[in-house]
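Each chain, written out:
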Amino acid sequence: MRLGIPLKGDIISPSNEAEKFVRVNLIDGKINSIDEFENRDSLVGEVDFFITPKEEYVFDFLNMGAEPLVTPTDEMNIDDVVSAFLFRELYSYASI
């Protein structure tokens, strides 16, 4: 499972405010590795889920087969996001 997350510092942020983008690689429910990307476009086609703190343009991810998800709060770090993902505490864009 590969999660794409925009970050400002160590906290999730909207893509237009992000300082970096990461791909979190999960194996058996645990973080295996974290890869940094310079821009959002580099993640397109490289992740299974794209996670943001609020709704934004995600059709490029949808077109490449990634599911966009929204966090319940915007004060989450990578570990918080992964935990919320594993416990199904993230929202689908379709349910908002």
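Bear in mind the structure is a predicted one, so any value in this text is a computation, not a measurement.

Looking at the side chain of D60
- Looking at the element boundaries, D60 is found in helix α1 (residues 59–63).
- For D60, the side chain forms a polar contact with the side chain of R40, separated by 2.6 Å.
- Every residue in contact with D60, bar those within four places of it in the chain, is listed here: R40, D41 and V44.

Comments concerning the pairing of strand β1 (residues 2–8)
- Here β1 lies mainly inside the structure; five of its seven residues are buried.
- Inspection of the sheet shows β1 paired to strand β3 (residues 20–27) by six bridges, in the antiparallel sense. The partner of G4 across the bridge, within β3, is R23.
- Examined bridge by bridge, β1 and strand β5 (residues 49–52) share two bridges and lie parallel to one another. Bridge pairing in β5 places L3 opposite F49.
- By the bridge criterion, two bridges tie β1 to strand β2 (residues 11–12) in an arrangement that is antiparallel.

Here we look at the nonpolar core
- With 17 residues, the main nonpolar core has L3, I5, V24, I51 and F85 as its most contacted residues.
- Of all the secondary-structure elements, those providing two or more residues to this core are β1, β3, β5 and α2 (78–86).
- With near-sequence residues (within four places) excluded, I51 lies in contact with L3, G4, I5, P6, I12, L69, T71, V81 and L90.
- Listed in part, the ten residues of the second largest apolar core include F21, L43, V47 and V70.

Cut-offs applied
- Residues numbered from 1 in each chain as written.
- Predicted model: local features only at pLDDT ≥ 70, side-chain atom pairs only at ≥ 80, totals over all residues.
- Heavy atoms only, no water.
- Helix = DSSP H or I, 4+ residues; strand = E, 2+ residues; numbered from the N terminus.
- Polar contact = N/O pair within 3.5 Å; in protein donor to acceptor, adjacent residues only side chain to side chain.
- Contact = heavy atoms within 4.5 Å.
- Buried < 20%, exposed > 50% of the residue type's maximum accessible area, 1.4 Å probe, protein only.
- Pairing = 2+ DSSP bridges.
- Core = buried A, V, L, I, M, F, W, Y, C linked by side-chain atoms within 4.5 Å.

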